[in-house]
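# Coordinate analysis (summary)
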Amino acid sequence: YCHIDIGTTVGPLGTVFIRGQPGWEINDLVAPLPGEPVVDKTANSAFVGTDLLPILLAMRVTNILVCGNTLDVCVHSTLRHAADLNFQTCLVEDCCGCAEPGLGAAM
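In this report, the structure presented in the accompanying data block is examined.

Parameters at a glance
- Residues numbered from 1 in each chain as written.
- Predicted model: local features only at pLDDT ≥ 70, side-chain atom pairs only at ≥ 80, totals over all residues.
- Heavy atoms only, no water.
- Helix = DSSP H or I, 4+ residues; strand = E, 2+ residues; numbered from the N terminus.
- Buried < 20%, exposed > 50% of the residue type's maximum accessible area, 1.4 Å probe, protein only.
- Contact = heavy atoms within 4.5 Å.
- Areas by Shrake-Rupley, 256 points an atom, 1.4 Å probe, with all protein chains shown as cover.
- Disulfide = S-S within 2.5 Å.
- Polar contact = N/O pair within 3.5 Å; in protein donor to acceptor, adjacent residues only side chain to side chain.
- Phe/Tyr/Trp six-rings, centres within 6.5 Å; stacked < 30°, edge-to-face > 60°.

### Thoughts on the overall build of the chain
Looking only at helices and strands, the chain features 3 helices and 4 strands. Evaluated residue by residue, the chain yields a buried proportion of 25% over its 107 residues. Taking the contacts inside the chain whose residues are at least 6 apart along the sequence as the reference set, 61% of them involve residues at least 24 apart. On the chain, roughly 7000 Å² of surface is accessible, and the fraction owed to carbon and sulfur atoms is 55%.

Rendered as structure tokens:
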């Protein structure tokens, strides 16, 4: 189990995804257990510029459930990148959000 959090720079949605800023907190219902990795990212794909791939390989992960905010950008980028890396992927649709209303339905 590996959490991925969005980076350290101000984006189009302000600072809501920046570690330590209001709104960044991981919901207690899905919070990582002690010892589980949390990966901060700054690119669209969670695999770019992070240690996510070596972490998953070390854990012998082959199947990935993908969910999160910005379905239309970061979630899809990570999902497609994972598939390109030969992971079996599944989008958890009910756990995704978009900045623009209606985009999720179009995806």
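### Remarks on the state of the cysteines
This model, assessed by the stated rule, comprises 0 disulfides. Here cysteine 96 stays free of any disulfide, with the sulfur of cysteine 67 as its closest cysteine sulfur at 5.8 Å. Owing to a relative accessible area of 22%, cysteine 96 belongs among the partly exposed residues under this scheme.

### Regarding the environment of threonine 62
Along the chain, threonine 62 turns up in the loop between helix H1 (52-58) and strand E3 (63-68). Once you skip the residues sitting within four places of it in the chain, threonine 62 turns out to touch Phe87 and Gln88. Polar side-chain contacts of threonine 62 include one of 3.5 Å to the side chain of asparagine 63.

### With respect to the packing of aromatic side chains
Overall, the coordinates contain 1 aromatic pair when judged by the stated rule. For the ring pair phenylalanine 47 and phenylalanine 87, a centre distance of 6.1 Å and an interplane angle of 25° mean the geometry is stacked. With phenylalanine 47 in the loop between strand E2 (38-41) and H1 and phenylalanine 87 in the loop between helix H2 (71-84) and strand E4 (88-96), this pair connects stretches of sequence that are 40 residues apart.

### Overview of H2
Regarding H2, the residues found buried are Leu71, Cys74, Val75, His76, Thr78, Leu79 and Ala82. Downstream of H2 by one or two residues, asparagine 86 has phi in the positive range, about 70°.

These values are about where atoms sit, not about what they do.
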